[in-house]
Amino acid sequence: MPLVVQKFGGSSVATAERIMRAARRAINARQAGSQVIVVVSARGDTTDELIELAKEITDRPPAREMDMLLATGEQISIALMAMAIQTLGEKAISFTGAQIGIVTDSYHTKARIKNISTQRMRQALDEGKIVIVAGFQGIDEDYNITTLGRGGSDTTAVALAAVMKHRGQETGGRGQEAAGRNQGAGGRGQGSGVGCEIYTDVDGVYTTDPRIVPEARKLDAISYDEMLELASVGAGVMHSRSIEFAKKFDVPLQVRSSFTDTEGTWIVPESEWMHDVPVCGAAIVKDEARVGIVGVPDQPGISHRIFSAIAQENIAVDMIAQNVGSGGKASIGFTVTKTELPNTLAVVRPLAVSLGASVEHAEEVSKVSIVGTGMRTHTGVAERMFAALAGAGVNMKMITTGDIKISVLVDKADGVKALRSVHQTFQLDKPRAGAGLPVGATPAAVPARAPAVLDDNGRDLAAITQQLSSMEEIVVSDVQLSTDQGSITVFDLPDETGNCSKVFQAVAAGGIIVDTIVQNLAGPGRAQLSFSVPQADLDRALQLTCAVAQNFDPAAQVLADANIARLFVLGIGMRTHTGVARRMFGALAERGINIRMINTSEVRVSVVVDQPRGEEALAALKAAFNVR
Ligand code: ADP
Ligand code: ASP
Ligand code: MG
């Protein structure tokens with residue numbers, strides 16, 4: 001029998017009437033012949049209210065007790081939902097995370113799932129019951145209640161779908177695994193597979209948050225990687241870790257409205273047509289904080305010391321921009337969410353003192369990002385983004401790139417203006433294949449795009465089963481080395497609106513394709529910009545860049561370096577797993593390999609090292625991540 005996991009977010013269970021509506025939806029699915037698991041969040045603003053309540057007692061509530069408190073929000077919802085379904089005449093039973101064995105690590109308030117037992121759910125489902133599970137919560141090995149981080153109910157829902165898909169036949173108390181050849185859910189949740197529906201207060205994933213940019217458009221479908229990047233750069237519609245699960249375990253998701261029956265957005269494997277446009281969406285994180293460590297010795301092992309100390313506190317570093325050193329000193333800039341700033345400063349300040357460096361920080365900053373798998377094939381995307389920002393009078397404080405995303409840090413006051421301008425530049429407000437129709441348009445004008453149909457043939461089911469026993473472990477799929485590019489660095493670029501944009505316009509006008517870009521503030525009023533271009537274009541890129549830089553400042557120094565090796569570590573959840581950068585920098589530090597540039601994203605972390613050390617660095621990283 002097919003199985004569907006339906007997740008209802010806070011606003012979808014905020015009132016008795018909405019709970020009844022959600023209950024009817026679950027019953028409809030049950031009566032249409034599916035087994036149904038319902039995952040619910042805390043009602044309305046309950047979680048926020050509980051946090052406020054804690055603050056009335058203390059400024060720094062102990063994390064363990066915070067989890068004990070926050071988990072109550074979801075417990076209210078499951079009981080009410082079970083009552084609603086039973087009142088409507090169907091069988092239902094509610095469970096907390098602990099009761100169905102959602103076992104997590106012990107990082108309170110941001111725990112990760114280690115394993116889920118399916119036995120109790122299976123039994124209730126086989127008895128014909130609708131199973132209702134509290135989202136966002138689990139239990140650690142010492143029976144402490146844990147929570148998965150804000151928005152974590154999405155992750156509970158997808159994790160349950162994943163485990164039921166691959167281990168759903170498990171019976172008895174001995175954890176017998178019968179991960180047989182379960183067929184995929186088919187593109188649209190049909191057949192005997194497992195589907196996952198995320199019901200929320202918007203009718204799908206939009207090109208950007210429609211509450212901030214009303215001209216945003218609903219997408220028909222988006223790939224796992226795109227959604228992973230978008231969620232990790234601020235699209236709060238999905239918890240990014242839920243997409244990690246969806247991708248890792250091939251769970252097709254649909255995000256849709258709990259208030260209407262309109263088709264939502266499919267989050268599915270990548271399809272060819274998704275490359276038609278360079279950018280599929282944009283997002284903003286309004287409350288970021290930037291930390292700069294200026295004047296660190298340009299030596300092997302320094303990044304490792306800094307980022308491993310931060311990772312030790314389980315703080316996820318967001319953008320990292322380390323520039324090419326000069327005069328034996330380098331500067332490292334990174335961002336964390338504003339709430340993590342005090343803890344981060346507490347870690348880096350003493351470290352900076354011991355390195356003879358200084359720490360600066362800025363709180364009123366926002367991060368604006370664009371995402372699209374089409375960036376892999378379309379050129380000039382960064383240049384277009386920077387030109388849009390320059391045109392809107394927005395100065396960029398930091399730039400980092402991934403293969404399918406570009407992020408810039410701007411003044412908080414400019415954040416929304418910046419988001420709107422890039423949204424418009426990439427015509428995300430216009431009808432196009434794959435994106436929703438304008439109100440009143442005829443569907444024939446822009447055909448809807450069907451999601452890819454999943455196919456489990458050829459999937460390594462043994463590997464999947466193994467992954468299920470450590471569900472949220474980091475997965476690194478590949479490590480790659482590229483020596484076909486050289487880098488250009490502009491030192492002491494005056495930190496003014498439009499300067500970067502002019503550099504990239506000049507380089508693009510020469511027909512040169514720019515790849516990795518890192519820009520970082522490198523002292524008061526000065527920025528350092530580095531980017532890579534194909535070796536064959538290096539000299540020309542240097543000339544073009546020099547010509548522009550001299551217009552800003554006749555003494556500007558521009559350097560070309562043909563001797564670089566770029567290393568890429570590819571996987572899922574690369575940024576949010578705090579250990580990845582630590583392991584990566586650690587492996588290089590151990591061998592005394594100096595890191596010259598760093599770039600991070602959710603699906604790829606890249607570093608630049610001296611070319612003669614490239615092969616050795618490749619071997620070190622492969623060993624560190626167990627990749628053959
Ligand atoms: P739930 O409580 O159902 O989990 P959330 O508030 O977590 O709901 O997520 C839904 C909200 O996400 C929307 O109301 C919208 O404002 C916001 N959002 C941010 N980015 C996007 C996007 N790209 N597409 C749709 N909604 C978005
Ligand atoms: N109730 C939790 C929160 O508000 C989890 C969730 O809604 O997904 O963050
Ligand atoms: Mg949510």
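Please refer to the structure placed before this passage.
So, a few notes on the structure that sits alongside this text. Here the structure is a predicted model, which means the values were calculated and not measured.

**Quick notes on the sheet that holds strand E12 (residues 265–268)**
- On the basis of which strands lie adjacent, the open sheet formed by 8 strands has the order E3-E6-E2-E1-E9-E11-E12-E10 and mixed pairing. Since the sheet does not close on itself, it has two edges, and those belong to strand E3 (92–95) and strand E10 (221–223), each with one partner. Between one strand axis and the next, the sheet turns by 20° as a mean value, whatever way the strands run.
- Packing against the sheet, helix H4 (residues 119–126) makes contact with strand E1 (3–8), strand E2 (35–40), E3 and strand E6 (130–134), and its axis sits at approximately 125° to E2.

**Some details on helix H13 (residues 499–509)**
- Looking only at H13, the buried set comprises Asn499, Cys500, Ser501, Val503, Phe504, Ala506 and Val507.
- For H13, the secondary structure elements touched by its buried residues are helix H10 (381–391), strand E17 (398–401), strand E20 (485–494), strand E21 (517–521), strand E22 (526–534) and helix H14 (538–552).
- The positive-phi residue at the C-terminal boundary of H13 is Gly511, with phi of around 70°.

**Considerations on the nonpolar core**
- Judged by nonpolar contacts, the single largest core of 54 residues is most densely connected at Ile37 and Met227.
- Looking at this core, the element that brings in the most residues is helix H5 (residues 153–167), giving 8 residues.
- In this structure, Phe307, Ala330, Ala352 and Met574 belong to the second largest nonpolar core, which totals 47 residues.

**Describing the packing of aromatic side chains**
- For the structure on display, the rule yields 6 aromatic pairs.
- Judged by centre distance (5.6 Å) and plane angle (55°), the rings of Phe307 and Phe585 are tilted. Placement of the pair is Phe307 in helix H8 (residues 302–312) and Phe585 in helix H15 (residues 579–590), with a sequence separation of 278 residues. Accessibility assignment for this pair places Phe307 and Phe585 in one class, buried.
- Measuring from centroid to centroid gives 5.3 Å for Phe386 and Phe504, while their planes differ by 50°, and the two rings are tilted. With Phe386 in helix H10 and Phe504 in helix H13, this pair connects stretches of sequence that are 118 residues apart. Of the two residues, Phe386 and Phe504, both sit in the buried class.
- Among the aromatic residues, those joined into a ring-pair cluster are Phe307, Phe334 and Phe585.

**Description of the pattern of salt bridges**
- Counting across every chain of the model gives 30 salt bridges.
- Among the ionic pairs, Arg150 bridges to Asp48, the shortest N-O distance being 3.1 Å. Here Asp48 lies in helix H2 (residues 46–57) and Arg150 lies in the loop between strand E8 (145–147) and H5, a separation of 102 residues in the sequence.
- Accessibility expressed as a relative area gives 36% for Asp48, which makes it partly exposed.
- Here the residues in one salt-bridge network are Asp225, Lys247, Glu270, Arg376 and Asp403, joined through shared partners.

**Comments concerning the environment of Tyr143**
- Summarising the element assignment, Tyr143 is placed in the loop between strand E7 (137–139) and E8.
- In the structure, Tyr143 is positioned 37 residues away from Ser106 in sequence and 9.7 Å away in space, judged by C-alpha atoms.

**Topic: the site of ligand 2**
- Around ligand 2, the surrounding shell consists of Ser41, Ala42, Thr47, Glu74, Phe136, Arg150, Gly151, Gly152 and Ser153.
- Side-chain polar atom of Ser41 to an oxygen atom of ligand 2: 3.2 Å apart, as the coordinates give it.
- Contact distances for ligand 2 include 2.6 Å between an oxygen atom and a side-chain N or O atom of Arg150.
- Classifying every residue of the shell around ligand 2 by side-chain character gives 2 nonpolar, 5 polar and 2 charged.

**Here's the deal with the packing of helix H1 (residues 16–31) against helix H3 (residues 63–87)**
- Running from N to C, H1 and H3 point in directions that differ by 60°, and their axes come no closer than 9 Å. When the interaxial angle is binned, H1 and H3 end up oblique. Helix-helix and strand crossings are classified by hand; for H1 and H3 the assignment is right-handed. In this structure, H1 uses Ile19, Met20, Ala22, Ala23, Ala26 and Ile27 to contact H3, whose residues at the interface are Leu80, Met81, Ala84 and Ile85.
- Considered class by class, the residues forming the contact of H1 with H3 number 10 nonpolar, no polar and no charged.

So, how was this worked out
- Residues numbered from 1 in each chain as written.
- Chains lettered and ligands numbered in written order.
- Predicted model: local features only at pLDDT ≥ 70, side-chain atom pairs only at ≥ 80, totals over all residues.
- Heavy atoms only, no water.
- Pairing = 2+ DSSP bridges.
- Helix = DSSP H or I, 4+ residues; strand = E, 2+ residues; numbered from the N terminus.
- Axes fitted to C-alpha atoms, helices over the stretch in contact; angles between N-to-C directions.
- Contact = heavy atoms within 4.5 Å.
- Buried < 20%, exposed > 50% of the residue type's maximum accessible area, 1.4 Å probe, protein only.
- Core = buried A, V, L, I, M, F, W, Y, C linked by side-chain atoms within 4.5 Å.
- Phe/Tyr/Trp six-rings, centres within 6.5 Å; stacked < 30°, edge-to-face > 60°.
- Salt bridge = Lys/Arg side-chain N within 4 Å of Asp/Glu carboxyl O.
- Near = heavy atom within 4 Å.
- Polar contact = N/O pair within 3.5 Å; in protein donor to acceptor, adjacent residues only side chain to side chain.
- Nonpolar A, V, L, I, M, F, W, Y, C, P; charged D, E, K, R; others polar.
- Parallel < 35°, antiparallel > 145°, perpendicular 65-115°, else oblique.
- Left-handed = near helix turned anticlockwise from the far one by under 90°.

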